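# Coordinates in review
In case you want the letters, here they are:
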Amino acid sequence: MDVCVHEVTMAQAMDTIERFVATGEPHHVVTLDASMCVGARHDAELRKIVCEAELVTPDSAGILWAAKRFGIRLQERVSGVEIVAELAARSPRTGISLYLLGAAPGVAEEAAHNLQQAHPGCRIVGTGDGYFGPDKEAQVVEAIRQAKPDVLCVAMGIPKQEKWIAHHRDALGTPVMIGVGGTLDVLSGRARRAPNWMRRTNLEWLYRVITNPRKIGKVMTLPRFVVMAMAERRPAE
Ligand code: UDP
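Here is a short report on the structure shown in this document.

Thresholds applied
- Residues numbered from 1 in each chain as written.
- Predicted model: local features only at pLDDT ≥ 70, side-chain atom pairs only at ≥ 80, totals over all residues.
- Heavy atoms only, no water.
- Helix = DSSP H or I, 4+ residues; strand = E, 2+ residues; numbered from the N terminus.
- Expected span 1.5 Å × (residues − 1).
- Buried < 20%, exposed > 50% of the residue type's maximum accessible area, 1.4 Å probe, protein only.
- Arc of directions from axis to C-beta.
- Contact = heavy atoms within 4.5 Å.
- Pairing = 2+ DSSP bridges.
- Axes fitted to C-alpha atoms, helices over the stretch in contact; angles between N-to-C directions.
- Near = heavy atom within 4 Å.
- Polar contact = N/O pair within 3.5 Å; in protein donor to acceptor, adjacent residues only side chain to side chain.
- Areas by Shrake-Rupley, 256 points an atom, 1.4 Å probe, with all protein chains shown as cover.

This paragraph deals with helix α6 (residues 107-118). Between its terminal C-alpha atoms α6 stretches 17 Å, which fits the 16 Å expected from 12 residues at 1.5 Å a residue. Taken residue by residue, α6 has Val107, Ala108, Ala111, Ala112 and Leu115 as its buried positions. Taken end-on, α6 shows its buried residues confined to a sector of 135°, consistent with a single buried face. Residues of α6 that are buried in the fold lie against α5 (80-94), β3 (98-102), β4 (124-128) and α9 (183-187).

To continue, consider the sheet that holds β3. Pairing is parallel in the open sheet, where six strands are placed in the order β2-β1-β6-β5-β3-β4. This sheet does not close on itself; its edge strands, each paired only once, are β2 (55-58) and β4. The average undirected angle you get between the axes of adjacent strands in this sheet is 15°. Of the pairings in the sheet, the one linking β3 to β4 comprises four bridges and is parallel in character. Bridged to tyrosine 99 within β4 is glycine 126. Those strands touched by helix α8 (residues 160-172) are β1 (27-32), β3, β5 (151-155) and β6 (176-179), and its axis lies near 170° from that of β6.

For the rest of this paragraph, the subject is the site of the ligand. Around the ligand there are 15 residues in total, and Gly130, Lys160, Asp185, Lys215 and Lys218 lie nearest to it. A distance of 2.9 Å separates an oxygen atom of the ligand from a polar atom in the backbone of alanine 103. In the model, a nitrogen atom of the ligand is placed 2.7 Å from a nitrogen or oxygen of the glycine 130 main chain. Burial of the ligand by the protein amounts to 76% of the accessible area it has alone, namely 550 Å².

Written out as structure tokens, the structure reads:
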């Protein structure tokens, strides 16, 4: 389907990210969902970014379903919100520091506060909102450079966050950069995740539309994703 995804579990993704941090070199982590797959088909820049990312995790039930169709049994979803929560939980032990960039003003600060309350000693070395104009771009990059995080979490939505990371990856001086979508809205408590039973039954998309009708555009990409996957030749055929 023009993009690639790594066959990783959450634990393997964590090990990989920790290894990336240890190298000090820039690494882009993409959390791939069905809407990004559909977007990448028509957006060559996004497609290139996904294909060149050092780690691409399976972020949605749709990705697991499509992989299974092609004979690859991905064990679990590895979503942006879970990666950030897990990095924060491990931070007091690993010493890995995070910078939270994105969402409306105040949201990243609230998310940082909640993570630090939940995991005392968790290192969050900076926050910023995702609604700055081109005139503030250099200032935002400089603030991140100064803070020297190990992991930069960019929550500006797909594909803006992926393109922002790709554009600034060499200037930021950050070993790991991850696009994490609506993660900060969830971690701040402003948005809720779907209840467990809805996640288990692959109905998280339905919960999102009910609680946030603006998500309808994203959900509308799902039928296209299914058509794209069905049209793809299976390896055995
Ligand atoms: N956002 C942002 N800057 C923008 C556009 C969006 O910081 O210019 C934020 C928005 O406030 C929200 C997140 O990006 O917190 C996008 O969340 P969504 O769940 O829509 O992400 P996606 O579904 O694309 O992963």
